[in-house]
Each structure stands twice: as C-alpha cells, then as structure tokens.
Amino acid sequence: MSDFSTGTIVDDDLDLSAAKGRSKSHEAVAAKTAAWGGKGLNAAIGVSAVIMVAGIVLWGVQLSGGMVQTGMRNLSSWGLYITSFMFFVGLSAGGLIISSVPKAFGIAGFGGISKVAVMSSIACTVAAIGMVVVDLGQPARLWELFAYSNLGSPLMWDIVVLGTYLILSCVYLWAQVRADAGKVSHTALRVISVVALVTAVLVHSVTAWIFGLQQGREMWHTALLAPWFVSSALVCGTALVMVVAIALRRAGYLSLDQAYLVKLAKLLGAFVVVDLYFFGCDLLTEAFPGGSGAEVVAMLTAGPLVPYFWTEVVGCALCAVICFTPALRTNALLVAGSLLAILGIFCKRVQLLVGGFQIANLDYAGPLTPMQHTAFDSGLSGIYGGMVYWPTPLEFGVTLGVVALGALVFLLGIKFLPLRPKGEEAPSR
C-alpha cells in the first residue's frame, strides 16, 4: 500500500496491474474468506432484521388508521419522514463522492475504503427511498406517479435521479469489484467514477430544488440551497465514512493506516467550515434587510427551533476543532467529532423543514373571532406560530424500522461482498 503523501496511487485507486497478476491460489483463498464476521456481526444483522420487521408492522398500523396518527397536519404536511429522507440522501451522496473523486481525477485515495464507502451510499439510498414510501398515505397508488407524471415538477426530477443514483451506485460497486479481479479496464472504471460523481452532486441538488423553488416559503426560497445541500452532504457523508472506517478497522475488517484517517479528518474539517460559511451567508442575507427574513433568523436563534440551531453550530464547530488540531486526532475524538457533525446536519434538516412550515403563508378565509382562538387578532401566524411539529411514537417507530433496513443492507454487504482492499484476507474467526 502506497503512502498518500507521495502522491502515488494507492491500492483502491486506479492501479489494476496487481489484480491481473494475481495467482489462482490467492483467488481461491479470497473466495473462501468472502463471507466475513463472527457472532457479533450475525447478532447485529439479526437485531436489524427484527427492528425492520417491527417497523413494517407499525407502518401497517399507520396505513390502516391513516396519517392522522402522525403529528403531521395541513400546516406541517411534511415531518420526520421527509426530514430523514433529506438526511439519508446527504449521507449517501457524501459517501459516493468520497469514493469517486480519487478515481475520477486520478489522485491518491483513502487507503482501501472506497468500496465500503459505496456500500454505505447504497444502504443510505435504500433508507432514503424507504422514507419516501412510508410518507405516502396511499402507497398502493404509487404507480399513478409514473403513469401521470409531471416532468415539470422537481418532485418528479428527484424520483428519476434518485432511482438512477441507486442503480448507478450498484453498478459502480460492481465495477470496482470486477476491477480488483482485472476484468474492468482502467478507462472504464474512471468513466464510471466520473458519471457517479456527477450523479452524486445532482441527486442532492435536485432534492434541494424541491424546497428552493417554492417561492411561498421564506426559509426555502434561496439560490444558495442547492450548493448548501451538497456541502452538507459532504460533511455528513465524510463523517459517516470516518466512523465506519474506524469501526471496521477496530473489528479487523480493514487494515487502515492512521495517516489515511488523518487525511480524511482534514477533509471533513474543511467541509464543515464551508458548510458553516454557507449557513452564515444565508442568515446574514435573511436578517440584514430587516424584512420577513428576520423572522426566520429570530425563530432559529431565539425561538422554537433554537435547540436545533445551536446543536448544529456548536457541534460542527467542535468537529472542525478536532479535525484541525493534531493533538486531538485520536480515534475516539474523531468518532465523537464525526457523530457531532452528523447530528448537526440532521438538526439542519429539522430546521429547514419544520422552520419552512412554521411561518404560515396563508390565512384562513373569513374573519377570525375570539370564539375560535384567543389570539384571533394576530392572524394564522400568531395563532399557530408557537406550535412546533413533533413526531408521534408511531412515526419514531416506523422511522427506526427504515433505518434498520438501511443498516441491514450495509451489514449484509460487509458480510458477503468482497469490500476489503484487494490483497487483504479476512481474519480467521
């Protein structure tokens, strides 16, 4: 394995010559060790499967009783499911970008974590699609979306690009595995890497446009939203790869040099700083003119969404400090910083979705009287402005089931797919 500091290609990048010269005996050993993991991994797979089944049961309860069992209402028509959808799309896009950039540009990678990063992207994409499915009140009518699709709607764009992204991620993983066996050329793998990189950026941009192109929502209608979504995807995707890489190295699945984790930490720190800069630009643009945007900033910094705002800002700032301070780059602190960054990006998604609905853009038809509400003279915003959406236990259970589905996909990939760098054999168990 080459040192990244020399600028040479590492074994998970573009040098496929070693794979072509691999002996038959080595291939036989690799085949025997394709299935990895002992009782711990099997237990994790079993637990994930049980939670997933429980989530399916709760989803059945939701379908039988209707969406009224959730905390969503007319004023907050999207909730935990769509928040989690945005979050998992970011996790998936970030992982694929981390994997595809070194191959697309022919630069040193991160020491053999490429296929693991793509597997995490596939698992997160499955979870993201699952979140959309459970958010549908009538999933049996899903076919109508395609039969009567409106290609002028960003929602339809997202469905197309997300399905394409999942297929392309699987193809990209298959190409890397075949490349390790010397059956995919250097040029073909690089072309697939470039297409994967473009698609990863596009899938998050289109998701942002679902919100950013809605003029009636003060918090969403900004041209900054798409690049901001991409920067957030890089933060949480890189943080997820960091946590997974450290965990798999500790479990003996990867023999990863610490220098690669330091390189990944520096990259994560840079992504966090860029994301916080975008956040600051957005807040300044909304607050400085003193118009309706000032109400958004007040809601975040001192209003009902203040816990999410400060969790994001403080958590991401601490993550950047850990990543940029050499003395703090221990594995434990890197994991803690990465988890803080992931939590911060999730809080950002909560702020965006809940905050967008928090400022009502339409009043009820007809006059409001004291018989309807004590704050009748303040309009709809005054009546409902302090009522922040909160998920019901049913929503939490269904969401946990979808998360378990994504975890199950990833764990099965770790167990049965050859995701380790070529030339590494699984430890005997």
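One can find the structure itself at the top, above this paragraph.
## What about the overall build of the protein?
Here is step 1 of the chain: Helix and strand counts for the protein come out as 15 helices and zero strands.
Here is step 2 of the chain: Sequence separation of at least 24 residues holds for 81% of the intrachain contacts in the protein that already meet a minimum separation of 6.
Here is step 3 of the chain: When the accessible area of the protein is evaluated, it comes to approximately 19,000 Å², of which 70% is carbon and sulfur surface.

## Focus: the packing of aromatic side chains
Here is step 1 of the chain: What the rule picks out here adds up to 15 aromatic pairs.
Here is step 2 of the chain: Summarising the aromatic geometry, the rings of Trp78 and Phe357 are spaced 6.2 Å apart at their centres and angled 80 degrees between planes, so their arrangement reads as edge-to-face. One end of the pair, Trp78, is in the loop between helix 3 (39-65) and helix 4 (80-105); the other, Phe357, is in helix 13 (residues 331-358), and 279 residues separate them in sequence. The same class applies to Trp78 as to Phe357, namely buried.
Here is step 3 of the chain: Geometrically, the ring pair formed by Phe211 and Phe229 is tilted, given 6.5 Å between the ring centres and 40 degrees between the ring planes. Taken together, the residues span a long stretch of sequence, with Phe211 in helix 8 (residues 186-212) and Phe229 in helix 9 (residues 225-250) at a distance of 18 residues.
Here is step 4 of the chain: You can call Phe229 buried: its relative accessible area is 2%.

## What about the side chain of Asp275?
Here is step 1 of the chain: Along the chain, Asp275 falls in helix 10 (residues 258-287).
Here is step 2 of the chain: Assessed through its relative accessible area of 1%, Asp275 is described here as buried.
Here is step 3 of the chain: Engagement of the side chain of Asp275 in a polar contact is seen with the side chain of Ser231, the distance being 2.7 Å.
Here is step 4 of the chain: Every residue in contact with Asp275, bar those within four places of it in the chain, is listed here: Trp228, Ser231, Ser232, Val235, Glu312, Ile345 and Lys348.

Calculation notes
Residues numbered from 1 in each chain as written. Predicted model: local features only at pLDDT ≥ 70, side-chain atom pairs only at ≥ 80, totals over all residues. Heavy atoms only, no water. Helix = DSSP H or I, 4+ residues; strand = E, 2+ residues; numbered from the N terminus. Contact = heavy atoms within 4.5 Å. Areas by Shrake-Rupley, 256 points an atom, 1.4 Å probe, with all protein chains shown as cover. Phe/Tyr/Trp six-rings, centres within 6.5 Å; stacked < 30°, edge-to-face > 60°. Buried < 20%, exposed > 50% of the residue type's maximum accessible area, 1.4 Å probe, protein only. Polar contact = N/O pair within 3.5 Å; in protein donor to acceptor, adjacent residues only side chain to side chain.

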